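Reading the structure
Below, each chain spelled out in residue letters.
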Amino acid sequence: MAKITGLGGVFYVAKDPKATRQWYSEILGIDGEYGPQLNWSEEKGEKPYSLISHFSDGEYLKPSNSGFMINLRVDDLDEFVAQLKAKNVEILGHVDEGYGKFAWIMDPNDVKIELWQQIMAPD
């Protein structure tokens, strides 16, 4: 039986697509032939996954006025946040929920980006 195997991408209208691609490359370090491209791989024995999550209102997406948010996995959130700060990127928040660490930033189009480091429970 055929099944969905992962997130294929996030698509949205950007004020300046070329500048947006450049921001994703320079600030987040992801690029590709057609725009930012993520190639999933095993991280520290974890099985990477993507999630489609639904909210009843847009409160979690604020301060963005957009109807969606992009969640990106990172392998070391604390180090990545330090790199972003060195690039003068505003960190909207940073929290450790036990099952994962999260931080939030905005892209040049006011789309909220959630950075996530999965924390695996000890065996």
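Attention in this report is confined to the structure presented alongside it. (Residues numbered from 1 in each chain as written. Predicted model: local features only at pLDDT ≥ 70, side-chain atom pairs only at ≥ 80, totals over all residues. Heavy atoms only, no water.)

What to know about the overall build of the protein chain
Worth spelling out the cut-off: Helix and strand assignments follow DSSP, with helices taken as H or I runs no shorter than four residues and strands as E runs no shorter than two, numbered in order from the N terminus. The classification of residues rests on relative accessible area computed with a 1.4 Å probe and restricted to protein chains. Under 20% of the type maximum is buried, over 50% is exposed, and intermediate values are partly exposed. Whether two residues are in contact is decided by their heavy atoms: any pair within 4.5 Å suffices. For every accessible area listed, the method is Shrake-Rupley and the probe measures 1.4 Å; residues are considered covered only by the protein chains on display.
Helix and strand counts for the protein chain come out as 2 helices and 4 strands. Along the protein chain, helices and strands appear, N-terminal first, in the series α-β-α-β-β-β. Residues counted as buried form 33% of the 123 residues belonging to the protein chain. For the protein chain, the share of sequence-separated contacts (at least 6 apart) that also reach a separation of at least 24 residues comes to 54%. In the form shown here, the protein chain has an accessible surface area of approximately 8800 Å², with 52% of it arising from carbon and sulfur atoms.

A short note on unusual backbone geometry
Along the chain, K62 connects to P63 via a cis peptide bond; the corresponding omega equals 15 degrees. Counting through the fold element by element, P63 comes out in the loop between helix 1 (17–28) and strand 1 (70–73). Backbone geometry at N88 places phi at a positive 60 degrees, although glycine is not the residue there. Checked against the element boundaries, N88 lands in the loop between helix 2 (77–86) and strand 2 (93–96). Located in the positive-phi region is D110, a residue other than glycine, with phi close to 60 degrees.

Here's the deal with helix 2
Counted only if it meets this: The arc in question is the one spanned by the directions pointing from the helix axis to the C-beta atoms.
Within helix 2, burial applies to L77, F80, V81 and L84. Each buried residue of helix 2 sits inside an arc of 100 degrees when the element is viewed along its axis, so together they form one side. Its buried side turned inward, helix 2 meets helix 1, strand 2, strand 3 (100–106) and strand 4 (112–118). N88 lies just past helix 2 and shows a positive phi near 60 degrees.

With respect to the nonpolar core
Rules: In this description, a nonpolar core means a group of buried Ala, Val, Leu, Ile, Met, Phe, Trp, Tyr and Cys residues linked to one another through side-chain atoms lying within 4.5 Å.
L28, L84, I113 and L115 are the most contacted members of the largest nonpolar core, which has 18 residues in total. Only helix 1, strand 1, helix 2, strand 3 and strand 4 provide two or more residues apiece to this core. L28 has contacts with W23, L72, F80, L84, I105 and I113, leaving out every residue within four places of it along the chain.

As for helix 1
For the record, the criterion: The span expected for a helix works out to 1.5 Å for each residue beyond the first.
Helix length check: helix 1 (12 residues) gives 16 Å between terminal C-alpha atoms against 16 Å at 1.5 Å per residue, within 8%. Elements in contact with the buried residues of helix 1: strand 1, helix 2, strand 3 and strand 4.

Focus on the sheet that holds strand 3
Note the following rule: One bridge is not enough; two strands pair if DSSP finds at least two bridges between them. Axis geometry follows a simple rule: fit a line to the C-alpha atoms, using only the stretch in contact for helices, then measure angles between N-to-C directions, giving values from 0 to 180 degrees.
A sheet is described by the order of its strands in space; here 4 strands give the open sequence 1-4-3-2, paired in mixed fashion. The open sheet has two edge strands with one neighbour each: strand 1 and strand 2. Recorded for the sheet is a direction-independent mean angle of 20 degrees between the axes of neighbouring strands. One ladder, built from 7 bridges, connects strand 3 with strand 4; its direction is antiparallel.

A look at the side chain of K112
To keep it simple, the criterion reads: Counting rule applied: Lys, Arg positive; Asp, Glu negative; His and chain ends not counted. A carboxyl oxygen of Asp or Glu within 4 Å of a side-chain nitrogen of Lys or Arg is what we treat as a salt bridge. Under the rule applied, a polar contact is a pair of N or O atoms within 3.5 Å (in protein, one hydrogen donor and one hydrogen acceptor; residues adjacent in sequence only if both atoms are side-chain atoms).
Residue position: K112 is located in strand 4. For the buried K112, no salt bridge exists, and the shortest N-O distance to an oppositely charged side chain is 6.4 Å, to E114. A distance of 2.7 Å separates the side chain of K112 from the backbone oxygen of Y60, its partner in a polar contact. Within the local environment of K112, its side chain forms a polar contact with the backbone oxygen of K62, the two atoms lying 3.0 Å apart.

In short, the description is geometric, and any link to function would need to be established separately.
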